[in-house]
Amino acid sequence: MSLPIRILTETDAETSRRLSHEAFGAPRTPPTEPATLTTVGQTQFGAYDGEVLAARTIDREFDSHFGGALVPTSGIAGVTVVAEYRGRGLLTPLFDEMLEHARRRGAVISTLYPSAPRIYRRFGYEVVGDFFTVRVPTAVLSTVRAPGSITLRRATAEDHDSIKQVYDRWASAQNGPLSRRGVSFQQPAAEFLAQYTGVTVAVDGSGTIIGYACWNRGHGTSMDETLSVLDLLADSADGYQALLNMFGTFSSVTGHTSIDTSGDDPARMFLPSLHWDVTHASPYMLKVLDLPGAFAARGYPSFIRADLGFRLEGDFLAGNDGGYRLHVDAGSGECVARDDQQGPVFTARGLALVYAGVQSCANLRTAGQLRGGTPETDELWDTVFGGRQLHIRNYF
């Protein structure tokens, strides 16, 4: 089914909001304020059948950390099709229009949280990680050693940038986390603090903030209650231990503590027991939009020098298929198109996985996402793109 695709404007705001409520069931009660599409860093695309908004997607402007560098990212959100229009192929032209728009504005990769991965694999996305919520008995946290070198206090508006700097230091050492700066992260300090029961900072002997936790108390005083930790990061073992121990002081009034996290969180290493139960997982998918741009934007190990020829086949986006040469030296990469380039052949999904550094070439071959090349080139690809954990700490 072919329908006109266009960028939504303010006149579409209420229709778009009603479609969101139908698809996602939120908010539970109808909002009283007028609908708006003026959120900075977001562009909504819709497929209209006459006066009916039949399908909608949102392109969000982000940057993601990869290899110690920031990579311009299109975060896809709010994907929905009206119930009566599902199964008619409306997402294909929507994604074509939206991803081309994202490439034109400079995004070189795209990421999303899928409701069903199969829907997005045909566009070249693949699961590269998960955003988790884990549950730990609060009494277990009370047994974590509280270091004497750290002081805890409630954060104030003046601490906002120092909290962001803790996140920046952590995120720059991982693959995948969004930068919490730029057009999509303009939240004032007072508004940031107002979201939570408390934001607690860990301060070292020099007065420097070296960790923080954002948390909500919840309701009630029984062992059935849960304390929710929405963000927990620190620069040191002492910072993690001090914050975890503080949550343990709630053990008489909350039976469990939930922690939003991803990957192999260092916080787990400070728990004396095996309690770390995943209660919710949101898979995270990635696609490479612009190959030369994506490989040039990210960072690489500074000690590696490599020339990697490869081909991409079967990509959803026009112009991406073909041969390429990637030259890596001194932590930077240059990727150019070469029509006659030989070497391993990636699918779009395989390229997403190798870019994120989450699967070896051997595993990609097993999954049918890579063919050709040699064991020696496989080892080089694994070395160039491996070495950092993939994490994501923002759900969108």
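Residues numbered from 1 in each chain as written. Predicted model: local features only at pLDDT ≥ 70, side-chain atom pairs only at ≥ 80, totals over all residues. Heavy atoms only, no water.

As annotated in an unreviewed UniProt entry, the protein is Acetyltransferase from Microlunatus panaciterrae.

Brief notes about helix α5 (residues 160-171)
If you check α5, its first and last C-alpha atoms are 17 Å apart, about what twelve residues at 1.5 Å a residue would give, namely 16 Å. Those residues of α5 that sit buried are H160, I163, V166, Y167, W170 and A171. In a view along the axis of α5, the buried residues occupy a sector of 130°, so they form one face of it. Of the surrounding elements, those touching the buried residues of α5 are β3 (52-66), α6 (189-194), β8 (198-203), β9 (209-216) and β10 (222-234). (Helix = DSSP H or I, 4+ residues; strand = E, 2+ residues; numbered from the N terminus. Expected span 1.5 Å × (residues − 1). Buried < 20%, exposed > 50% of the residue type's maximum accessible area, 1.4 Å probe, protein only. Arc of directions from axis to C-beta. Contact = heavy atoms within 4.5 Å.)

Regarding the pattern of salt bridges
Throughout the structure, instances matching the rule amount to 19 salt bridges. With a closest N to O distance of 2.5 Å, D315 and K287 form a salt bridge. Residue D315 is located in the loop between β13 (306-312) and β14 (322-329), and its partner K287 is located in strand β12 (residues 277-288); the two are separated by 28 residues in the primary sequence. By relative accessible area, K287 is classed as buried at 1%. Between D329 and R305 there is a salt bridge, and its shortest N-O distance comes to 3.9 Å. One end of the pair, D329, is in strand β14; the other, R305, is in the loop between α8 (291-297) and β13, and 24 residues separate them in sequence. On the basis of relative accessibility, which here comes to 35%, the residue D329 falls in the partly exposed class. By relative accessible area, which is 58% here, R305 ends up exposed. Among the charged side chains, a network of salt bridges with common partners joins E14, R17 and R18. (Salt bridge = Lys/Arg side-chain N within 4 Å of Asp/Glu carboxyl O.)

Some remarks on the UniProt feature "domain: N-acetyltransferase" (unreviewed entry) in the protein
Mapped onto the present numbering, the UniProt feature "domain: N-acetyltransferase" (unreviewed entry) falls at residues 3-147. Segment residues 3-147 splits into 24% helix and 38% strand. End C-alpha atoms: 62 Å apart. (UniProt positions renumbered as here; feature names shortened; annotations may be inferred.)

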